[in-house]
Amino acid sequence: MLAASLAFSAGGVAMAQENDVSAAKNLSRQALEMWAAESTIDEAIFAEGYQNHQAPLASGGTGSVDLTTWAGIVEDNHKAFPDLKVEILEQTAEGDRVSTHWRFYGTQNGPYLGLPATGRSVDWTGVQIDRIANGQIAESWVVWDFFTQRKQLGLEN
């Protein structure tokens, strides 16, 4: 009887952990899907004091931005790439972190970082690691293929 109780208890813990992992992955997926055309920004999934660390920043260099600045960048991308699609390629989660390998693709039909609309197709990938705290995204680290995007836009040889 005790062995059965222990097995049930261990199974219950495993089930709770699996649900936590699924919820964390879903938060990360929701944040990335906000980049897609015609998406809206749901700031409720982000913790107070959220920081997004970019390597590189689209404007050059590396740095961190707060939620308000991040939301503005996403909105600018909606205007620049009005057909942008987001594809989640892979996700893993462990502890309080979710790692997502993603792909963005679309057409630059609006101004982007001072570049007028080119009508060029772009397709780039990246990895985002989100730290989850109390059911919200507290911090993100993003590394993305800046050089491929710039080359596709005709900004690099």
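Model, not experiment: these values are computed from the prediction.

Reading the values: rules and limits
Residues numbered from 1 in each chain as written. Predicted model: local features only at pLDDT ≥ 70, side-chain atom pairs only at ≥ 80, totals over all residues. Heavy atoms only, no water. Helix = DSSP H or I, 4+ residues; strand = E, 2+ residues; numbered from the N terminus. Buried < 20%, exposed > 50% of the residue type's maximum accessible area, 1.4 Å probe, protein only. Contact = heavy atoms within 4.5 Å. Areas by Shrake-Rupley, 256 points an atom, 1.4 Å probe, with all protein chains shown as cover. Core = buried A, V, L, I, M, F, W, Y, C linked by side-chain atoms within 4.5 Å. Pairing = 2+ DSSP bridges. Axes fitted to C-alpha atoms, helices over the stretch in contact; angles between N-to-C directions.

A. Region of the structure containing the overall build of the protein. Looking only at helices and strands, the protein has 3 helices and 6 strands in total. Its helices and strands taken in sequence order, the protein reads α-β-β-α-β-β-β-β-α from the N to the C terminus. Classification of the 157 residues of the protein by burial places 35% in the buried group. When contacts within the protein are restricted to residue pairs at least 6 apart in sequence, long-range pairs at least 24 apart make up 59% of them. Within the structure as shown, the protein displays about 8,700 Å² of accessible surface, and the carbon and sulfur contribution to it stands at 53%.

B. Fine view of the nonpolar core. F46, W70, F104 and I137 are the most contacted members of the largest nonpolar core, which totals 33 residues. Elements with a contribution of two residues or more to this core: α1 (2-33), β1 (46-55), α2 (67-80), β4 (97-107), β5 (121-133) and β6 (136-144). A total of 5 residues in this core trace back to one element, the largest contributor, which is α2. For F46, the residues in contact, after removing those within four places along its chain, are A31, M34, L67, W70, Q136 and I137.

C. Layout of the sheet that holds β6. Spatial ordering of the open sheet is given by β2-β1-β6-β5-β4-β3, a layout of 6 strands whose pairing is mixed. The sheet is open, and its two edges are formed by β2 (63-66) and β3 (85-94), each paired on a single side. Direction aside, the axes of adjacent strands within the sheet are offset by 20° on average. Summarising the sheet, β1 and β2 pair through 4 bridges and their orientation is antiparallel.

D. How the structure looks around unusual backbone geometry. Following A55, the chain continues into P56 via a peptide bond in cis, with omega recorded as 5°. Tracing the sequence through the fold places P56 in the loop between β1 and β2. Phi at E38 is positive, roughly 65°, even though this residue is not glycine. As for its placement among the helices and strands, E38 is situated in the loop between α1 and β1. For E38, a relative accessible area of 79% corresponds to the exposed category.

E. Up close: the pairing of β4. Across 9 bridges, β3 lies against β4 in antiparallel orientation. In the sheet register, T92 faces β4, and the bridge partner there is S99. The turn joining β3 and β4, which pair antiparallel and follow one another in sequence, is formed by 2 residues; a positive phi near 60° is taken by G95. With 11 bridges connecting them, β4 and β5 associate as antiparallel partners.

F. Structural view of the side chain of N77. Here N77 shows up in helix α2. Every residue in contact with N77, bar those within four places of it in the chain, is listed here: W35 and Y112.

G. Highlighting the environment of A44. Structurally, A44 is set in the loop between α1 and β1. For A44, a relative accessible area of 55% corresponds to the exposed category. Sequence separation between A44 and Q136 is 92 residues, and the spatial gap between their C-alpha atoms is 7.9 Å.

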